[in-house]
Amino acid sequence: MPTPRDAESQKADIRKDVQNYYGQVLKTSKDLQTNACVTTARAVPKHIREALQNVHEEVSLRYYGCGLVIPECLENCWILDLGSGSGRDCYALSQLVGEKGHVTGIDMTKGQVEVAKKYLDYHMEKYGFQTSNVTFIHGYIEKLAEAGIQNESYDIVISNCVINLVPDKEQVLQEVYRVLKHGGELYFSDVYASLELPEEIKTHKVLWGECLGGALYWKDLFLLAQKIGFCPPRLVTASLITIQNKELERIIGDCRFVSATFRLFKLPNTGPTKRCQAVYNGGITGHEKQLIFDANFTFKEGEMVEVDEETAAVLKNSRFARDFLFRPIEDKLPTSGGCSVLESKDIITDPFKLAEDSDNKKPKCASNVAGSCCGKKKSC
């Protein structure tokens, strides 16, 4: 069994390998050997496409991510981006939170942070802001306290294909929980494995750099969330990952990988919440008529939707509370099957099932997504 010193040394070696991969080996997303960091996502709202198009070209070219991590309802929010890389998502978000909001990016690759900082004035002037609302920090996402990030200081934390690059994922999630305000959210895209990874995969340098070697077994995310205090993870989107390298395919064997976006909420202890009927008021920028909250719940303006206890708690105790009306569920006759409509709903938590279902429904050629990369940055 490795000693604490050996474990720390191994973590340091992994950090060094990842820094080299994203600082020296990769020059643009074309250098990647899998599609883990350039998987497509669902159609991107117009206001987000425009925000991404306003980001400087060099920043966008140095972006390596596995999903679009720009959630809804962002005005005036304070957002922390874990593994912000060249800053693409930070600069897009800075437009969406507005001048009264703020975006902080933290990344361990010095070269990427330098690229991001180079364009602070460019984006401030392009957006017409009097002062920049973006800050970049060189540091480690599992050591946010060392980087000076205070308790309960952010409304939202995002991460785009980065947590898989950190050996101690529990420590990352604990730090996120600490810096989030009550009612805050971790909205993140990452790579997950279909099984516990064997050592041959976990110790392979290229597979680590390509976001596969450090992938978490997807069921372990639910265990970690419960242990730390988050609400159960809510699956948003998922895409199967393909390998474009025969040698890497041989090493991976039967293991499958998926890029998936989850949202994790940190809620105050307000006691049990009853299931209820939720009515979306509409009006969230870019989602005025319909809010696709996750893979299981879509809310149309003015339409009454029955939600379970967990969903009710999230909506009532987060930044979304002002956008909904809530009504108690009156006693009513059960359906012919003896259960309510909600109880009969097939809640999807498995990202591989969602990815396969989505793959079967979509056309073979997907366009109009978040760049062909939905990703971002990196760190991955």
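The following refers to the structure shown. Keep in mind the model is a prediction, meaning the values are calculated, not measured. (Residues numbered from 1 in each chain as written. Predicted model: local features only at pLDDT ≥ 70, side-chain atom pairs only at ≥ 80, totals over all residues. Heavy atoms only, no water.)

**What about the nonpolar core?**
Alright, step 1. In terms of nonpolar packing, the biggest core is built from 39 residues, with Leu80, Leu82 and Tyr192 touching the most fellow members.
Alright, step 2. Examining the composition of this core, we find that six residues originate from one element, helix α10 (residues 218-228), more than from any other.
Alright, step 3. Residues within four places of Tyr192 in sequence aside, it is in contact with Ala215, Leu216, Trp218, Leu221, Arg256, Phe257, Val258, Ala260, Phe262 and Phe352.
Alright, step 4. Core analysis: the next-biggest nonpolar cluster, separate from the first, contains 32 residues, Leu52, Ile79, Val97 and Tyr119 among them. (Core = buried A, V, L, I, M, F, W, Y, C linked by side-chain atoms within 4.5 Å. Buried < 20%, exposed > 50% of the residue type's maximum accessible area, 1.4 Å probe, protein only. Helix = DSSP H or I, 4+ residues; strand = E, 2+ residues; numbered from the N terminus. Contact = heavy atoms within 4.5 Å.)

**Here's the deal with empty space enclosed by the protein**
Alright, step 1. Under the defined criterion, the tally for this structure stands at four cavities of 30 Å³ or more.
Alright, step 2. When its volume is computed, the second largest cavity comes out at roughly 60 Å³.
Alright, step 3. Lining of the second largest cavity is provided by Ile163, Lys169, Leu173, Phe188, Asp190, Val191, Tyr192, Leu216 and Leu221.
Alright, step 4. Elements with a contribution of two residues or more to the lining of the second largest cavity: α7 (169-179) and β5 (180-193).
Alright, step 5. Counting residues per element, the lining of the second largest cavity draws most heavily on β5, which supplies four residues. (1 Å grid on protein atoms, 1.4 Å probe; cavity = no way out; pocket = protein on both sides within 12 Å on 5 of 7 lines; lining within 4 Å. Points joined across faces, edges and corners; volume = space filled by probe spheres on them.)

**Some points on the side chain of Ser94**
Alright, step 1. Tracing the chain through its elements places Ser94 in helix α4 (residues 88-97).
Alright, step 2. Leave out the neighbours within four places in its chain, and Ser94 touches Val103, Tyr127, Phe129, Asn133 and Val134.

**Quick look at the pattern of salt bridges**
Alright, step 1. This model, assessed by the stated rule, comprises 17 salt bridges.
Alright, step 2. One salt bridge in this structure joins Arg234 and Asp294, with 2.9 Å as the shortest N-O distance. Of the two residues, Arg234 is situated in strand β7 (residues 234-240) and Asp294 in the loop between β10 (290-292) and β11 (298-300); the sequence distance between them amounts to 60 residues.
Alright, step 3. On the basis of relative accessibility, which here comes to 3%, the residue Asp294 falls in the buried class.
Alright, step 4. Close ionic contact of Lys246 with Glu249 constitutes a salt bridge, the shortest N to O distance being 3.8 Å. (Salt bridge = Lys/Arg side-chain N within 4 Å of Asp/Glu carboxyl O.)

**Focus: the packing of aromatic side chains**
Alright, step 1. Applying the stated criterion across every chain, the model contains 15 aromatic pairs.
Alright, step 2. Relative to Phe136, the ring of Tyr91 has its centre 5.4 Å away and its plane inclined at 65 degrees; by these criteria the two rings are edge-to-face. Taken together, the positions of Tyr91 in helix α4 and Phe136 in strand β3 (residues 134-138) put the pair 45 residues apart, joining distant regions of the chain.
Alright, step 3. The class of Phe136 is buried, set by a relative accessible area of 7%.
Alright, step 4. An aromatic cluster of at least three residues, connected via ring pairs, comprises Phe265, Tyr280, Phe293, Phe297, Phe299, Phe320, Phe324 and Phe326.
Alright, step 5. For Arg88, the ring lying beneath its charged end belongs to Tyr63, and the centroid distance is 3.6 Å. (Phe/Tyr/Trp six-rings, centres within 6.5 Å; stacked < 30°, edge-to-face > 60°. Lys NZ or Arg CZ within 6 Å of the ring centre and 35° of its normal.)

**Regarding the environment of Pro233**
Alright, step 1. In this fold, Pro233 is placed in the loop between α10 and β7.
Alright, step 2. On the accessibility criterion, Pro233 (7% relative accessible area) is buried.
Alright, step 3. Considered as a pair, Pro233 and Arg263 are 30 residues apart in the sequence and their alpha carbons are 5.9 Å apart.
Alright, step 4. Excluding residues that lie within four positions of it along the chain, Pro233 makes contacts with Leu221, Phe222, Ala225, Phe262, Arg263 and Leu264.

**Things to note about α4**
Alright, step 1. Judged by how many residues are buried, α4 sits mostly within the fold: 10 of 10 residues are covered.
Alright, step 2. For α4, every residue scored as buried is listed here: Arg88, Asp89, Cys90, Tyr91, Ala92, Leu93, Ser94, Gln95, Leu96 and Val97.
Alright, step 3. Remark: Gly98 follows α4 within two positions and exhibits a positive phi of approximately 85 degrees.

**Remarks on the environment of Leu96**
Alright, step 1. Positionally, Leu96 belongs in helix α4.
Alright, step 2. Linking Leu96 and Cys77, residues 19 residues apart in sequence, is a C-alpha distance of 9.1 Å.
Alright, step 3. Apart from the residues within four sequence positions on either side, Leu96 is in contact with His47, Ile48, Ala51, Ile70, Leu74 and Glu75.

It is worth stressing that arrangement in space is one thing and function is another; only the former is reported here.
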